[in-house]
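The lines below spell out each chain.
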2 protein chains.
Amino acid sequence: MSVTIKDIAKRMEITPSSVSKALNGKDDVSADLKRKVRQVADEMGYKKNMLAARLVNMKSNTLGVFIFSRTKIKNSESTAYKYLNIMLNEVKKHGFDIVLFSIEGSMSVNKSYVDLCMERQVEGAIFIGFENNDPHLEELQGCGLPIVMIEKNVSSENMSCVMVDNAAGISLGMNYLLSLGHQNIAFIKGHFAAELSDIRYQQYKKLMEDSDRFNADYVFDGDFSLESGYNIGLKIAVMDKLPDAVFASNDLMAIGLLRAFFEKGISIPEDVSIIGFDNFEIGKFIKPKLTTVSQNFSEIAENAIMMIFEMINSGGKGRSLLLVPEV
Amino acid sequence: MSVTIKDIAKRMEITPSSVSKALNGKDDVSADLKRKVRQVADEMGYKKNMLAARLVNMKSNTLGVFIFSRTKIKNSESTAYKYLNIMLNEVKKHGFDIVLFSIEGSMSVNKSYVDLCMERQVEGAIFIGFENNDPHLEELQGCGLPIVMIEKNVSSENMSCVMVDNAAGISLGMNYLLSLGHQNIAFIKGHFAAELSDIRYQQYKKLMEDSDRFNADYVFDGDFSLESGYNIGLKIAVMDKLPDAVFASNDLMAIGLLRAFFEKGISIPEDVSIIGFDNFEIGKFIKPKLTTVSQNFSEIAENAIMMIFEMINSGGKGRSLLLVPEV
DNA sequence: CTCCTGCACTTAAACGTTTTCGTAAAAATA
DNA sequence: TATTTTTACGAAAACGTTTAAGTGCAGGAG
């Protein structure tokens, strides 16, 4: 079938081990032989079989990335892919590959995440959009495999996490709205299964309560999707008293909200101010321009990769990293 | 380190081969032993090492997916991830994994795509957003490895392709605009390195020429990004004579265009009609709602996976698949 | 001349599976 | 009972690579 180092060895009348060492640039092989071996290898179209190499090295040079589409956290998919793109380029620098696991459908039929990791011999795993009620968390925390959680604030001996400081982000956004003189500020929560959803809401609630302005009627349950923002917008539009402002816990919902308000003849920002969270590029191109709290996806992804290699290479302990958002 | 079938064999005082056969449900092992082996394996926390299994089987059960961010085809990233999401779920049904290759930076430092595939022993590869001027095309067409190209109309013995019928999509959109009575229709081209970009443009040009309406001044070079749509919008806004309509060759540029027109006080659709291509969900939530030619990303991705397994499993020849768009 | 050192290569085992073949005992057939 | 078939397991090789240990040999030091 395909040409192996044995084939090269046979043709050159040397041993496979010399070929291996020559190709890998080991120093107990002469420069002369190295050159010749490389040349013959090229000639014969040799391609190293990484499966074999990885088996003997007990190193897979592979990172597992888990993306959850099991629940309807629609938004998690689009942000997950923003992260993924950065991560791909970062791991390449370390000579690693990424194998992707998509988690969806009923849990029962799925193997545990640890099993998936062990089978593929991945050296570390990154979870994007891990859910609140996921029963596999403890197993992951105790499994010894280097893990980085994105958007979920948990850590352990072998688990780091990185996310934007969501509470600070909410504070930024709220201060902005308050500085405009708004008092009755509504809030659209994200998907219940996302931890950051609750963090964002709790901070909003705290700030409102601090100024005795909290009103449960102005809190709405969204799920991060355009659709949910739109539907909630329709509800808000028919309230007896409109809020002064609406804080949508992500941009997609803010955009859906804008649409609903437009359809109902509510002017932004004259009648109601709207602010989002994420800083999706598209927000700058819609009408009116979306005000938003910005989280830097590249920064998050780069740090995630940095942290996982910190653990893989230096055996570092898990730690938490909170990045600062901007408004 | 981790427990192997040898460990299980030793503890049960049988041979590794029996353990392997028991775990794999081969029929030359008694039901009784199967049960016991599985139980002990569970007890000991055995996880199969797929690297080893794949090495002996000479089957990697892995698909390579190439995503190009080398050029500035910004849009290709976002659509690539729409495909990826579907493909993940489809390959899982076949017990395959996906390893991701991101192609960016200077070509010279990169290994050839075939090399990457051979090294990882992938059984097939999918290319999303392969570029017009990529010098590796011939190598891929002749390499024997099952390949599916998405959004690039090339095929060979071992290469299939799937894309929406872009020419038909343009016709649909143009007919729609013509039915509204528009005559001077401008066109925003996509990124020059994307094949579908040219296909869309050529069809537009043909239709305009057929009715003697083609005017090169109404053709603009975009790159599929929001930004480029916006910049072109600013240019169009100051033209002596505004076009009746603008056909943007994707939705993102259409949205950028909308923004520019809004800023310049041009009303949509009163002054100028706009139509896009892709049917991104967000188009339904902006103001005004975006008219668009729709391509079904799921359908494309599902067919791509179907076609690649067709080649992998049955050794089928490469073929071309054009899917019908809707307006 | 002997001993040591370093060089350049070979030998052989190892990584964890799977699978072909062999074989003994049990079961079925005549 | 004698023969064939089936069943259930074991032995050993194989997948393609890496690497620790071993070997022969040249050159240098004493």
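Everything below is about the structure printed above this text.
Summarised in this report is the structure supplied together with it. (Residues numbered from 1 in each chain as written. Chains lettered and ligands numbered in written order. Predicted model: local features only at pLDDT ≥ 70, side-chain atom pairs only at ≥ 80, totals over all residues.)

## Quick notes on the protein's contact with DNA strand C
Line of reasoning, step 1. As a structural note, the neighbourhood of DNA strand C is formed by 27 residues, with Ser18 and Val56 of chain A together with Ser17, Ser20 and Ala52 of chain B the closest of them.
Line of reasoning, step 2. Only helix H2 (16-23) and helix H4 (50-57) of chain A together with helix H1 (5-12), helix H2 (16-23) and helix H4 (50-57) of chain B provide two or more residues apiece to the surface near DNA strand C.
Line of reasoning, step 3. Looking at side-chain class alone, the surface near DNA strand C contains 13 nonpolar, ten polar and four charged residues. (Near = placed C-beta within 6 Å. Helix = DSSP H or I, 4+ residues; strand = E, 2+ residues; numbered from the N terminus. Nonpolar A, V, L, I, M, F, W, Y, C, P; charged D, E, K, R; others polar.)

## Points about H2 of chain B
Residues and elements named next belong to chain B.
Line of reasoning, step 1. For H2, the full list of buried residues reads Ser18, Val19 and Ala22. The buried side chains of H2 occupy one side of the element, clustering within an arc of 100° when seen end-on.
Line of reasoning, step 2. Among the structural elements, H1 and helix H3 (31-44) are those in contact with the buried residues of H2.
Line of reasoning, step 3. Taken from the residues just after H2, Gly25 is the one with a positive phi, measuring 65°. (Buried ≥ 20, exposed ≤ 12 C-beta atoms within 10 Å, placed from the backbone. Arc of directions from axis to C-beta. Contact = placed C-beta atoms within 7 Å.)

## Brief notes about the sheet that holds strand E9 (residues 273-278) of chain B
To summarise the sheet geometry, strands pair through backbone hydrogen bonds and adopt either a parallel or an antiparallel arrangement.
Residue and element names in this part refer to chain B.
Line of reasoning, step 1. Taken in spatial order, the five strands make up an open sheet running E7-E6-E8-E9-E10, and their pairing is parallel. One side of each edge strand has no neighbouring strand; the edge strands of this open sheet are strand E7 (219-221) and strand E10 (291-294). Strand-to-strand twist of the sheet, defined as the mean angle between neighbouring strand axes without regard to direction, takes the value 20°.
Line of reasoning, step 2. Pairing between strand E6 (residues 185-189) and strand E8 (residues 245-248): four bridges, direction parallel. Looking across to E8, one finds that Ile188 is bridged to Ala248.
Line of reasoning, step 3. Of the strands in this sheet, E6, E8, E9 and E10 touch helix H8 (residues 166-179), which is tilted by about 160° from E9. (Pairing = 2+ DSSP bridges. Axes fitted to C-alpha atoms, helices over the stretch in contact; angles between N-to-C directions.)

## What to know about the pairing of strand E4 (residues 147-150) of chain B
All names here are of chain B.
Line of reasoning, step 1. Neither face of E4 is open: one carries Ile147 and Met149, the other Val148 and Ile150, and all of them are buried.
Line of reasoning, step 2. Both strand E3 (residues 124-128) and E4 contribute to a ladder of four bridges, which runs parallel. Paired with Ile128 across the bridge in E4 is Ile150.
Line of reasoning, step 3. Between E3 and its parallel partner E4, the chain crosses via helix H7 (residues 137-142), and the hand of that crossover is right-handed.
Line of reasoning, step 4. Pairing geometry for E4 and strand E5 (residues 159-164), over four bridges, is parallel. In the strand pairing of E5, Met149 is matched with Cys161. (Right-handed = clockwise from strand over helix to strand, strands pointing away.)

## A word on the relation of the copies chain A and chain B
Line of reasoning, step 1. For the pair chain A and chain B, the superposition axis carries a translation of 0.0 Å, the fit reaches an RMSD of 0.1 Å, and the rotation angle comes to 180°. This pairing of chains is accounted for by a two-fold axis. If distances are taken from each C-alpha of chain A to the rotation axis, the shortest is found for Val99 of chain A, at 2.2 Å.
Line of reasoning, step 2. Comparing interface residues between copies, 100% of those in chain A also sit at the interface in chain B, which points to an isologous, same-surface contact. (Least-squares fit on C-alpha atoms with pLDDT ≥ 70 in both.)

## A word on the environment of Asp7 of chain B
All names here are of chain B.
Line of reasoning, step 1. Within the secondary structure, Asp7 is located in helix H1.
Line of reasoning, step 2. Given 16 C-beta atoms within a 10 Å radius, Asp7 is considered partly exposed.
Line of reasoning, step 3. Counting along the chain gives 37 residues from Asp7 to Met44, while the straight-line C-alpha distance between them is 8.9 Å.

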